[in-house]
Amino acid sequence: MNALASAVESREDEIDGRMQVVQQLSSMVAHEVRNPLQSLSLLASLARTEPDRDAQAEQLALIEDEIRVLEGVVQRFLSNSGPLRIARSQTDLVKVLERAASIAYPRAAQNHVRLLVQAPARLDVYADGSLVRRALENLMLNAIEFAGKGRSRRSTGQVVASIQRDDDRVVLIVEDDGPGVPYEDRERIFQPYMSSKAGGTGLGLALVRQVFDAHGGYIRCEPSPLGGARFVATIPLQPSLDGDA
Ligand SMILES: Nc1ncnc2c1ncn2[C@@H]1O[C@H](COP(=O)(O)OP(=O)(O)O)[C@@H](O)[C@H]1O
Ligand SMILES: [Mg+2]
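A short tour of the structure in this document, coming up. Values in this document were obtained by computation on a predicted structure and should not be read as measured data.

Judged by nonpolar contacts, the single largest core of 50 residues is most densely connected at Leu136, Met140 and Phe231. Residue assignment for this core shows that the elements contributing at least two residues are helix 3 (93–110), strand 3 (124–127), helix 4 (129–146), strand 4 (158–166), strand 5 (169–176), helix 5 (204–214), strand 6 (218–223) and strand 7 (229–236). When residues no more than four places from it in sequence are discounted, the contact partners of Leu136 are Val96, Leu97, Ala100, Leu172 and Val174. Within the second largest apolar cluster, six residues are counted, among which are Leu43, Leu62, Leu70 and Ile103.

Turning our eyes to something else, we now look at the environment of Glu32. As for its position among the elements, Glu32 is in helix 1 (residues 3–49). Taking C-alpha positions, Glu32 is 8.8 Å from Leu207, a pair spaced 175 residues apart along the chain.

In spatial order, the strands read 2-4-5-7-6; together these five strands make up an open sheet with mixed pairing. Each of the sheet's edge strands pairs with one partner strand only, and the pair in question is strand 2 (114–118) and strand 6. Across the sheet, the mean angle separating the axes of adjacent strands is 15° when strand polarity is ignored. Pairing of strand 4 with strand 5, which is carried by eight bridges, proceeds in the antiparallel orientation. When the sheet's bridge partners are listed, Asp166 is paired in strand 5 with Arg169. Sheet contacts for helix 4: strand 2, strand 4, strand 5, strand 6 and strand 7; angle to strand 5, the most-contacted strand, approximately 25°. Each of strand 5, strand 6 and strand 7 is contacted by helix 5, which is oriented at about 130° to strand 6, the strand it contacts most.

Turning to the packing of aromatic side chains, a few remarks are in order. Enumeration according to the criterion identifies one aromatic pair in this entry. Positioned over the ring face of Phe190 is Arg209, at 4.1 Å from the centre of the ring.

The next subject is the pattern of salt bridges. This structure, assessed with the given rule, holds 14 salt bridges. Asp124 is paired through a salt bridge with Arg122; the nearest N and O atoms lie 3.1 Å apart. A relative accessible area of 36% means that Asp124 is categorised as partly exposed. One salt bridge in this structure joins Glu137 and Arg134, with 2.1 Å as the shortest N-O distance. Here Glu137 pairs with Arg134, and both are found in helix 4, just three residues apart, close to one helical turn. Grouping residues by exposure puts Glu137 and Arg134 together as buried. Residues joined by salt bridges that share partners form a network here, namely Asp65, Glu66, Arg68, Arg99, Arg133, Arg134 and Glu137.

Criteria and thresholds
- Residues numbered from 1 in each chain as written.
- Chains lettered and ligands numbered in written order.
- Predicted model: local features only at pLDDT ≥ 70, side-chain atom pairs only at ≥ 80, totals over all residues.
- Heavy atoms only, no water.
- Core = buried A, V, L, I, M, F, W, Y, C linked by side-chain atoms within 4.5 Å.
- Buried < 20%, exposed > 50% of the residue type's maximum accessible area, 1.4 Å probe, protein only.
- Helix = DSSP H or I, 4+ residues; strand = E, 2+ residues; numbered from the N terminus.
- Contact = heavy atoms within 4.5 Å.
- Pairing = 2+ DSSP bridges.
- Axes fitted to C-alpha atoms, helices over the stretch in contact; angles between N-to-C directions.
- Phe/Tyr/Trp six-rings, centres within 6.5 Å; stacked < 30°, edge-to-face > 60°.
- Lys NZ or Arg CZ within 6 Å of the ring centre and 35° of its normal.
- Salt bridge = Lys/Arg side-chain N within 4 Å of Asp/Glu carboxyl O.

Don't take any of this as a statement about function, it's just geometry.
Spelled out as structure tokens, the structure:
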């Protein structure tokens, strides 16, 4: 084979690779838009029938807020096709966790799952709040789906989401009392398109991993003392010098 032919071949491989990235990103956008849209329509129908003015105003504010986040996420996905770019600002991650939980509550109620949030008053970190929020929503919605399933009959359906500072990093945990993730699958589930669910895309955890990686942290899955899966994520308080913007 001559040099030109192999150059053409490697160029084709490169194009193939880029196409795969683009395809993966567009499915991710679709996936990332679907969950918030479901929450939005739930919130909208709650707001429609809410008799209390203040409560209704709060629901509408949540809806507006969620729309802004959606716009931001889509924008960020579309503006580049390389590794996830993050836009950091000084962010109270407790508020981010609480916002994510407020989106997950209606789904928890529907599934008869108790969602508990444990957090200090506030925890300021230089981070991309809207992406961390999307990551936490993904983890909570997964946990809610699996909570209370597959174990003993008297299992209640419990999800605990917590945030705490540990030395030079923030640790975020989402855990449930569902069936858990078998040891051999605990890394595999973070790969794109790995799903055990009928209509699943397998893109949620792939995005979650990208979000924490892009912050210089990590996410892993382990067994939870509640009996199900525990997802532990970290974000360093000091962003690394050589890394992300
Ligand atoms: N809390 C959990 N408990 C048990 N299994 C889980 C949990 N979260 C994720 N998984 C497993 O990881 C797979 C991938 O999850 P995800 O990337 O969010 O995609 P999807 O939700 O579309 O299946 C799920 O299909 C499931 O098998
Ligand atoms: Mg999911």
